[in-house]
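# Fold and contact review
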Amino acid sequence: MTQTLFVYEYLSGGGLDAATAGDAAEAGRSELLDAGLAMRAALLDELAGPGVRYACGAGVAPLPAAPSGALRPRPGDTPLGFLRREAAVHDRVWVTAPESDGLLLQLAEAVDPARWIGCDRAAIRLCSGKRATLAHLAARGLATPLAFDAGARQWVVKPGDGAGTLDTRRHAQRAAAQSDLQQRRARGASATLEPWVDGEPLSLSLLCRDGAAELLSINRQRIAISADGRLRDDGVLINALALDDARAPALMRIAQAVARAIPGLRGFVGIDLVWHPQRGPVVIEVNPRLTCAFVGLSAALGRPLAAEILALHEEPVDA
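Residues numbered from 1 in each chain as written. Predicted model: local features only at pLDDT ≥ 70, side-chain atom pairs only at ≥ 80, totals over all residues. Heavy atoms only, no water.

## Some details on the overall build of the chain
Our working rule: Working definition: helices are DSSP H or I runs of at least four residues, strands are E runs of at least two. Numbering for both runs from the N terminus. Type-normalised accessible area, obtained with a 1.4 Å probe on protein chains alone, sets the label of each residue: buried when under 20%, exposed when over 50%, and partly exposed for intermediate values. Whether two residues are in contact is decided by their heavy atoms, any of which lying within 4.5 Å being enough. We get accessible surface area from the Shrake-Rupley algorithm with a probe of 1.4 Å; when it comes to residues, only the shown protein chains can shield them.
Along its length, the chain carries 10 helices and 13 strands. For the chain, the residues scored as buried account for 50% of the 319 residues in total. Of the contacts formed within the chain by residues at least 6 apart in sequence, a portion of 63% connects residues at least 24 apart. Split by element, the accessible area of the chain, about 14,100 Å² in all, is 53% carbon and sulfur.

## Quick word on the nonpolar core
Our working rule: Nine residue types can take part in a nonpolar core, namely buried Ala, Val, Leu, Ile, Met, Phe, Trp, Tyr and Cys, and a core is a set of them joined through side-chain atoms within 4.5 Å.
If you look at the biggest cluster of nonpolar residues, it comprises 53 residues, and the most contacted ones within it are Leu-204, Val-258 and Leu-265. Ranked by residue count, the leading element in this core is helix 8 (residues 248–261), at nine residues. When near neighbours in sequence (up to four residues on either side) are disregarded, Val-258 contacts Leu-137, Leu-142, Leu-265, Ile-271, Val-283 and Val-286. By size, the runner-up hydrophobic cluster in this structure holds 22 residues, among which are Val-7, Leu-43, Leu-305 and Ala-306.

## What about the sheet that holds strand 9 (residues 200–209)?
In plain terms, the rule: Pairing between strands requires that DSSP locate at least two bridges from one strand to the other. Fitting a line to C-alpha atoms yields each axis, with helices limited to the stretch in contact; the angle taken between N-to-C directions then spans 0 to 180 degrees.
Ordered in space as 11-10-9-12-13, the five strands form an open sheet in which the pairing is antiparallel. Unpaired on one side and paired on the other, strand 11 (231–241) and strand 13 (280–287) mark the two borders of the sheet. Here the strands of the sheet are splayed against their neighbours by 35° on average, with no regard to which way each runs. Pairing between strand 10 (residues 212–225) and strand 11: six bridges, direction antiparallel. Bridge pairing links Ile-218 to Leu-241 in strand 11.

## Focus on the packing of aromatic side chains
Short version of the rule: Classification of ring pairs uses Phe, Tyr and Trp, with its six-membered ring standing for Trp, and accepts pairs whose centres are within 6.5 Å; under 30 degrees between planes counts as stacked, over 60 as edge-to-face, and the remaining range as tilted.
Using the criterion set out here, one finds four aromatic pairs in the structure. Ring geometry for Phe-6 versus Phe-82: centroids 6.0 Å apart, planes at 90°, classification edge-to-face. Here Phe-6 is found in strand 1 (residues 5–9), whereas its partner Phe-82 is found in helix 3 (residues 79–88), with 76 residues between them in sequence. For Phe-6, a relative accessible area of 0% corresponds to the buried category.

## With respect to the pattern of salt bridges
Heads up, the rule is: Each salt bridge in this description consists of a side-chain nitrogen of Lys or Arg and a carboxyl oxygen of Asp or Glu lying within 4 Å of one another.
One pass over the structure, following the stated rule, counts 20 salt bridges. Between Arg-153 and Asp-198 there is a salt bridge whose closest N-O contact spans 3.4 Å. Of this pair, Arg-153 sits in the loop between helix 6 (130–138) and strand 6 (155–158) while Asp-198 sits in the loop between strand 8 (192–195) and strand 9, and the two are 45 residues apart along the sequence. Across the salt bridge formed by Arg-303 and Glu-214, the nearest N and O atoms sit 2.7 Å from each other. With Arg-303 in the loop between helix 9 (297–301) and helix 10 (305–312) and Glu-214 in strand 10, this residue pair connects regions lying 89 residues apart in the sequence.

## Here's the deal with the packing of helix 5 (residues 121–128) against helix 6
Packed helices, taken two at a time, are described by the angle between their axes plus the distance between the axes. Going by this rule: Should an angle fall under 35 degrees it is taken as roughly parallel, and over 145 as roughly antiparallel, whereas 65 to 115 is taken as roughly perpendicular and any remaining angle as oblique. Following the grouping adopted for this structure description, the nonpolar residues are Ala, Val, Leu, Ile, Met, Phe, Trp, Tyr, Cys and Pro, the charged ones are Asp, Glu, Lys and Arg, and the polar ones are all others, Gly among them.
For the pair helix 5 and helix 6, the least separation of the axes is 5 Å and the interaxial angle reads 105°. Classified by the angle between their axes, helix 5 and helix 6 sit roughly perpendicular to one another. Residue-level inspection shows Leu-126, Cys-127 and Ser-128 of helix 5 in contact with helix 6, the latter providing Lys-130, Ala-132, Thr-133 and His-136. Taken together, the residues that form the contact of helix 5 with helix 6 break down as three nonpolar, three polar and one charged.

## Here's the deal with the confidence of the model for the chain
Formally: On a scale of 0 to 100, pLDDT captures the predictor's confidence in every residue.
Chain-level pLDDT for the chain is 88 on average; 89% of the residues reach the 70-or-more range. Note that pLDDT drops below 50 for residues 20–24; the model gives that stretch two contacts with residues more than four away or on any other chain.

## Observations concerning the sheet that holds strand 5 (residues 116–117)
Strand order in the open sheet made by the five strands is 3-2-1-4-5, with parallel pairing throughout. Each edge of the open sheet is held by one strand with a lone partner, namely strand 3 (70–71) and strand 5. Alignment of strand 4 (residues 92–96) against strand 5, held across two bridges, turns out to be parallel. Counterpart to Val-93 in the pairing with strand 5 is Trp-116. Contacts from helix 3 reach strand 1, strand 2 (52–55), strand 3 and strand 4, with the element oriented near 170° to strand 1.

Here it is in structure tokens:
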């Protein structure tokens, strides 16, 4: 019997409808929506079929990849309520959402672990806290920005549980960074301050399971910095470095070390890092979910990655 799969991208599946108009994060949500729609389209393009259903919010047009598969929230539905109901009647649930404000974790907790496609709750909880993730990895011998504190010449302030470069700013003086941090916290925002690490921004795309990782691709991140220090994500160049590049062995070791350090990582995982001119790869954060690098990666590698990820979840997962 064919199993049913529910693909739930949070913003297009009701998150935008539930958001408060005029919220200060509206521009950020729009940027995340574009990324989420691209990831949803990539998934549906690979997996479209009679058993695949997907969520669509009131203001977001259905995609042609699954013309009969669009499900809309009912009037009065909250995103969590909608997800719980649909998760209960589908065999598998694949969620795409940012970690911001604990959102991805809340969504994971709304789904039976046996149906959930992706990292387990413990891994999501850890990776949702940027500072906690760095401390966890540093304690296990991985290079992180925390090792640069003593000699840092610049600092970065960003959401403690954010996604991408949203609301991220580089400062030339620590006092200015500390002031930025305090102002954010005074507003009730989650925020963290880290030393800025010079070097080439890269990301790794992994397939993870049971404390092991396969390095799928080494990607180049295109990060722009404005005159006032604000960071902007100009996209990712997937598969930018070949797996036989001179730097690849060190990056493969990083991938395996992160997977061992966070054994609940499962399925597609992204690692953001900087290649420092002297110290090599420095881990910036771990994304326990699909990232923008997933879009187009199956075609680039000539592999059905979505199907492979589903296959990783055939065995039951402990709660």
